[in-house]
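Remarks on the overall topology
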Amino acid sequence: MQMTRPSVLLMDLGNVLLFSTEEGHGGKLNPRHKELTAKLGDNYRFFDYFGVNEDLLQLLAKLRAKYPIHMITEGDIQNHPTLKEKLETVFDYANIHSTGALGLDKKTPEAYIYVLSELGLNPGEVLFIDDSDINIEAAKRVGLQSIHFTSEQQ
């Protein structure tokens, strides 16, 4: 299937742009962030535990001139002050949609229907990038063009 040129990029944060630098804490970034906040406080040394895909961040900064870039995420890790400062180089924080805060689940089409409604867009106008095939399938059921992110090389 050939993709049409999207109007908007919608992407996941965890394991696409943000990753754990700790052994054994692979994919569940928001729970780890909550644990660290409870143990160390709101301003813990974020980049001692997490990393950002700098190459992808630079690419997104370039793409921002052509496409609005939105993020869909489950929790609130993106609000940590250190990460927020870095992400604000690419993302307008009004363009970050937290499904957890909305009472939605990224594994269901309803999350993507909600974001489309908020953006006033048709599904074919959005390119969605996520590392979870369950989320990709939910987005495809709504009609979003999707890329299953598997690696930085991809």
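Before any of the text, the structure's been laid out above.
Residues numbered from 1 in each chain as written. Predicted model: local features only at pLDDT ≥ 70, side-chain atom pairs only at ≥ 80, totals over all residues. Heavy atoms only, no water.

**Considerations on the overall build of the protein**
Heads up, the condition is: Runs of H or I in DSSP of at least four residues are treated as helices and runs of E of at least two as strands, each being numbered from the N terminus. For a compact globule the rule gives 2.2 Å times the number of residues to the power 0.38, and the radius of gyration it is set against comes from C-alpha atoms. Any pair of residues with heavy atoms lying within 4.5 Å of one another is described as a contacting pair. Neither His nor the chain ends contribute to the count of charged residues, in which Lys and Arg are positive and Asp and Glu negative. To locate a charge, take atom NZ for lysine, CZ for arginine, CG for aspartate or CD for glutamate.
Tallying secondary structure elements over the protein gives 6 helices and 7 strands in all. Counting from the amino terminus, helix and strand elements in the protein follow one another as β-β-α-β-α-β-α-β-α-α-β-α-β. For the protein, the C-alpha radius of gyration of 15 Å lies close to 15 Å, the compact-globule estimate for 154 residues. Counting only C-alpha atoms and orienting by the principal axes, one finds that the protein spans roughly 45 × 30 × 25 Å. At a minimum sequence separation of 6, the contacts of the protein that also span at least 24 residues come to 66%. With 15 positive and 22 negative side-chain charges, the protein shows a spacing of 2 Å between the two charge centroids.

**Side note on the pairing of strand β1 (residues 8-12)**
What counts is decided by this rule: Throughout this description, buried means an accessible area under 20% of the type-specific maximum (1.4 Å probe, protein chains only), exposed means over 50%, and partly exposed covers the range between. Here a strand pair is declared whenever DSSP counts at least two bridges between the two strands.
Of all 5 residues in β1, 5 are buried; the element is thus mostly enclosed. Side chains of β1 alternate between two faces, with V8, L10 and D12 and L9 and M11 buried alike. Pairing between β1 and strand β4 (residues 69-73): 4 bridges, direction parallel. Residue pairing across strands places L9 opposite I69, the latter belonging to β4.

**Re the pattern of salt bridges**
Definition in use: A pair is scored as a salt bridge if a Lys or Arg side-chain nitrogen falls within 4 Å of a carboxyl oxygen belonging to Asp or Glu.
Applying the stated criterion across every chain, the model contains 7 salt bridges. Between R32 and E22 there is a salt bridge, with its nearest N and O atoms 2.7 Å apart. One end of the pair, R32, is in helix α1 (residues 29-40); the other, E22, is in the loop between β2 (18-20) and α1, with 10 residues separating them in the sequence. Ionic pairing is found between E35 and R32, a salt bridge with its closest N-O pair at 2.2 Å. With a gap of 3 residues between them, E35 and R32 both fall in helix α1, about one helical turn apart. Residue R32 is classed as buried on the basis of its relative accessible area, which comes to 11%.

**Looking at unusual backbone geometry**
Even without glycine at this site, N15 takes up a positive phi of about 70°. Counting through the fold element by element, N15 comes out in the loop between β1 and β2. You can call N15 partly exposed: its relative accessible area is 25%.

**Re the side chain of D130**
Definition in use: Contacts described as polar in this section are N or O atom pairs within 3.5 Å, which, within protein, must combine one atom able to donate a hydrogen with one able to accept it, while residues neighboring in sequence count only if both atoms come from side chains.
Within the fold, D130 resides in strand β6 (residues 126-130). Polar contacts involving the side chain of D130 include one to the side chain of K106, which spans 3.5 Å. In this view, D130 contacts D12, V16, K106, N135, I136, I147, H148 and F149; residues no more than four positions away in its chain are not counted.

**Observations concerning the nonpolar core**
Nonpolar side chains in soluble globular proteins tend to end up buried together. Where we set the bar: What we call a nonpolar core is a set of buried Ala, Val, Leu, Ile, Met, Phe, Trp, Tyr and Cys residues that are connected through their side-chain atoms within 4.5 Å.
Counting residues in each nonpolar core, the largest one holds 29 residues, and the members touching the most others are M11, L17, L18, F50, L87 and F91. Every element with two or more residues in this core is listed here: β1, α1, β3 (50-52), α2 (54-63), β4, α3 (81-87) and β6. Beyond its immediate sequence surroundings of up to four residues, L87 is in contact with L13, L17, L57, M71, Q78 and Y93.

**Things to note about the sheet that holds strand β5 (residues 96-98)**
Applicable threshold: Geometry is summarised by axes, namely lines fitted to C-alpha atoms with helices restricted to the contacting stretch, and by angles between N-to-C directions that run from 0 to 180 degrees.
Ordered by their spatial adjacency, 5 strands build an open sheet running β5-β4-β1-β6-β7, and the pairing between neighbours is parallel. Two strands in the sheet have a free side with no partner beyond their single neighbour: β5 and β7 (145-148). Each adjacent strand pair in this sheet contributes to an overall mean axis angle of 20°, direction not counted. With 4 bridges connecting them, β6 and β7 associate as parallel partners. Within β7, the residue paired with F128 across the bridge is S146.

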